[in-house]
Amino acid sequence: MTSPARIDLHTHSSVSDGTDSPEELVAAAARSGLDVVALTDHDTWDGIDRAGRAAPAGLEVVVGIEISCGSAGRAVHLLGYGGDRTDPALLAELDRIRTARRTRVPDMLAKLAALGLPLSTEAVTAAAHGTPSIGRPHLADAMVAAGYVADRDEAFADYLAEGGPAYVDRYAPEVSAAIGLVRDAGAVPVLAHPWGRESREVLGEERLLDLLEVGLAGWEADHPEHSPAEGAALHRLARRAGALATGSSDYHGTGKRNNALGCRTTDPQVYARLRELMG
Ligand code: AMP
Ligand code: ZN
Ligand code: FE
Ligand code: FE
């Protein structure tokens, strides 16, 4: 008898804010004993083809993306699986999000400088290593390199988290609108870490059920930012509503310590339903 497939549906490469290249990521996934891994970089598919080409035999790479959305002023992350990566409406929205990521960087640097933590353009460019999707973790890496903080967590806790002294808001589509765009592109929308630190206040049970009405397929139940009790509640809610409840690591390489590949996994039967929806 073979053991059940190990499936991790949410990971990041250095194409966004992970620290493994797409090639390193798929190699690490195979070493971790995963059978299926989805690459879900923030607001870009640029790493997908590289991951697919580098995948060792026996490892399935799922096309994914994590779209930076919002609701009522809070960050909400939406995963999209499969679909048409040339869909003009979705590509235009992703471009708008990535542009907003770039344009807020000078504002955050100004805030850091005012706090006595200046960073040179070169330092930020080096930390961003060519990503099309620059984010706060890259600024955190530049702060680590400058010796201002010990690691990304300290940078977020003291400066970069929502409401922190160097935080700057940026454009993000309303999650219900993004669900429509993902569906229209033929992809399957699944909410990332709904009860994670930035979105739990705006994604209560009622709201999750409402989002199913506008086309959401399900949500992550098992995630490092969810307690076991929260994960269990999200599984129960999904079962009641006929929604998918996935489990994933949200791996970021060395960028997130509690997110080892495969530390949370998706039930093979849930993955089979997701594949059906992906068509
Ligand atoms: P951004 O793309 O600029 O919105 O930054 C989002 C990224 O930063 C995601 O990978 C988050 O998981 C990570 N992040 C957000 N808040 C924190 C936090 N408090 N500590 C560590 N990482 C965080
Ligand atoms: Zn990230
Ligand atoms: Fe996320
Ligand atoms: Fe993520």
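A. Representation of the coordination of the zinc ion (ligand 2) within the structure. Donor atoms from the polypeptide that coordinate the zinc ion (ligand 2) comprise Asp17 (OD), Asp17 (OD), His42 (NE2) and His252 (NE2), at 2.0 to 2.5 Å from the metal. Between consecutive donors of the zinc ion (ligand 2), the numbers of intervening residues give the motif D-x24-H-x209-H. The iron ion (ligand 3) is placed at 5.7 Å from the zinc ion (ligand 2). With Asp17 in the loop between strand 1 (7-11) and helix 1 (22-31) and His252 in the loop between strand 7 (244-247) and helix 10 (268-278), this pair connects stretches of sequence that are 235 residues apart. For the pair shown, Asp17 and His252 are each scored as buried.

B. View of the site of ligand 1. Near ligand 1 lie 14 residues; those nearest to it are Arg101, Arg104, Arg136, Arg170 and Lys256. Take His42: an N or O atom from its side chain is 3.4 Å from an oxygen atom of ligand 1. For ligand 1, an oxygen atom lies 2.8 Å from a polar atom in the side chain of Arg170. The pocket occupied by ligand 1, as judged from atoms lying within 2 Å of grid points, is the largest pocket. At the level of elements, helix 3 (88-114), helix 5 (136-145) and helix 6 (152-160) are the ones that each hand at least two residues to the shell around ligand 1.

C. Here's a closer look at the coordination of the iron ion (ligand 3). Each protein donor to the iron ion (ligand 3) is listed here as Glu66 (OE), His77 (ND1) and His193 (NE2); together their distances run 2.1 to 2.2 Å. Between consecutive donors of the iron ion (ligand 3), the numbers of intervening residues give the motif E-x10-H-x115-H.

D. Representation of the environment of Pro137. As for its position among the elements, Pro137 is in helix 5. Sequence separation of Pro137 and Tyr167 is 30 residues, and the distance between their C-alpha atoms is 12 Å. The contacts of Pro137, once residues within four sequence positions are left out, are Asp17, Arg152 and Phe156.

E. Region of interest: the pairing of strand 7. Along strand 7, one buried face is formed by Leu244 and Thr246 and the opposite face, lined by Ala245 and Gly247, is buried too. Bridge count for strand 6 (residues 218-222) against strand 7 is 4 bridges, and the pairing is parallel. Pairing of Glu220 across the sheet is with Thr246, part of strand 7. Taking the sense of rotation as the criterion, the β-α-β connection linking strand 6, helix 9 (residues 228-241) and strand 7 turns out right-handed.

F. Looking closely at the layout of surface pockets. Quantified by volume, the largest pocket comes out at close to 880 Å³. In terms of lining residues, the largest pocket is bounded by 42 residues, among which His77, Arg136, Phe156, Arg197 and Glu198 are the most central. Contributing elements (two or more residues each) for the lining of the largest pocket: strand 3 (60-71), strand 4 (74-81), helix 3, helix 5 and helix 6. Broken down by element, the residue count for the lining of the largest pocket peaks at 5 residues, all from strand 3. The residue makeup of the lining of the largest pocket, split by class, is 11 nonpolar, 14 polar and 17 charged.

Definitions and cut-offs
Residues numbered from 1 in each chain as written. Chains lettered and ligands numbered in written order. Predicted model: local features only at pLDDT ≥ 70, side-chain atom pairs only at ≥ 80, totals over all residues. Heavy atoms only, no water. Donors = N, O, S within 2.8 Å, 3.2 Å for Na, K, Ca; no water. Helix = DSSP H or I, 4+ residues; strand = E, 2+ residues; numbered from the N terminus. Buried < 20%, exposed > 50% of the residue type's maximum accessible area, 1.4 Å probe, protein only. Near = heavy atom within 4 Å. Polar contact = N/O pair within 3.5 Å; in protein donor to acceptor, adjacent residues only side chain to side chain. 1 Å grid on protein atoms, 1.4 Å probe; cavity = no way out; pocket = protein on both sides within 12 Å on 5 of 7 lines; lining within 4 Å. Sits in = over half its atoms within 2 Å of the grid points. Contact = heavy atoms within 4.5 Å. Pairing = 2+ DSSP bridges. Right-handed = clockwise from strand over helix to strand, strands pointing away. Points joined across faces, edges and corners; volume = space filled by probe spheres on them. Nonpolar A, V, L, I, M, F, W, Y, C, P; charged D, E, K, R; others polar.

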